[in-house]
Amino acid sequence: MRLLITRNEAIYTKLDGAHSSLTKIETTLETKAPQRARYRDVEPYDIEALAMVKDAGDIAGQRPAYLYGKPSATAARLLADNIDRCHHAIEMSRASFEADGQQPNEADNISIVRNICGIPKTMEGSLK
């Protein structure tokens, strides 16, 4: 008998919320153009995205423990690792923007972070 991991709506909802927050950062950058946005213009969205990804990671991080010894534990670990990568990408982007201000390619940077964070969202969304 095969044990399936079922989608956890809380994880998916948190990752979707982080995606929305990152999109708000992109929108803020676009609406400020050609001027540069200040970090304080996007800080609430960064904090919101980090909090949501942390919550999703906390939930997803529990799966490998209760699935230990089962084939699905590997998939659960991969998901948790990808959520960690998402968190790290947001934090690196946030710290860079705060320290150095908006870079000429800042919208591209945020788009890359959004894509990195889209991986665990897609993984979670694929679970049945």
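Residue numbers here run from 1 along each chain, matching the order of that chain's written sequence. Given that this is a predicted model, residues contribute local features only at a pLDDT of at least 70 and side-chain atom pairs are listed and counted only at 80 or more, while totals for whole chains, interfaces and linings are drawn from all residues. With hydrogens and water stripped out, all remaining heavy atoms of the structure feed into the side-chain values.

Draft legend 1. Structural view of unusual backbone geometry. Here A33 and P34 are connected by a cis peptide whose omega angle stands at 10°. Its place among the elements puts P34 in the loop between α1 (9-32) and α2 (39-60). By definition, any uninterrupted DSSP run of H or I lasting at least four residues is a helix, any uninterrupted run of E lasting at least two residues is a strand, and each is numbered from the N terminus.

Draft legend 2. Geometry of the nonpolar core. In this structure, L22, I83 and I90 are the most contacted members of the largest nonpolar core, which totals 24 residues. Elements that contribute at least two residues to this core include exactly α1, α2, α4 (72-100) and α5 (106-126). Working rule for contacts: check all heavy atoms of both residues, and any pair within 4.5 Å makes them a contact. In this structure I83 touches I11, L15, V53, A56, G57, A60 and P120, once residues within four positions along its chain are discounted. In these notes, a set of buried Ala, Val, Leu, Ile, Met, Phe, Trp, Tyr and Cys residues joined through side-chain atoms within 4.5 Å is what counts as a nonpolar core. Using a 1.4 Å probe on the protein chains alone, a residue whose accessible area is under 20% of its type maximum counts as buried, one over 50% counts as exposed, and one in between counts as partly exposed.

Draft legend 3. A look at the confidence of the model for the chain. The predictor rates its confidence in each residue with pLDDT, a number between 0 and 100. With 94% of its residues at a pLDDT of at least 70, the chain reaches an overall mean of 91. Looking across the chain, the model is least confident in helix α3 (residues 63-66), with a mean pLDDT of 85, and most confident in α2, with 96.

Draft legend 4. Up close: the packing of α2 against α4. Where α2 meets α4, the closest approach of the two axes is 9 Å, and the angle between their N-to-C directions is 160°. Judged by the angle between their axes, α2 and α4 are roughly antiparallel. Pair α2 / α4 crosses with left-handed handedness. On α4, the residues that touch Y39, V42, D46, A49, L50, V53, K54, A56, G57 and A60 of α2 are L79, A80, I83, C86, H87, I90, E91, R94, F97 and E98. For this classification, Asp, Glu, Lys and Arg are treated as charged, while Ala, Val, Leu, Ile, Met, Phe, Trp, Tyr, Cys and Pro are nonpolar and the rest, including Gly, are polar. Of the residues that constitute the contact of α2 with α4, the class distribution is 13 nonpolar, 2 polar and 5 charged. Helix axes use the C-alpha atoms of the stretch in contact, all axes being lines fitted to C-alpha atoms, and the angles between their N-to-C directions lie in the range 0 to 180 degrees. The labels follow the angle: roughly parallel below 35 degrees, roughly antiparallel above 145, roughly perpendicular from 65 to 115, and oblique for the rest. Crossings are sorted by hand: turned counterclockwise from the far helix by less than a right angle, the near helix makes the crossing left-handed, and turned clockwise it makes it right-handed.

Draft legend 5. Structural context of the side chain of R94. Relative to the elements of secondary structure, R94 occurs in helix α4. Pairs of N or O atoms within 3.5 Å make up the polar contacts considered here, provided that, within protein, one atom can donate a hydrogen while the other can accept it, and that residues adjacent in sequence are counted only when both atoms are side-chain atoms. A distance of 2.8 Å separates a polar atom in the side chain of R94 from a polar atom in the side chain of E91. Discounting residues that sit within four places of it in the chain, R94 has contacts with Y39, D46 and L50.

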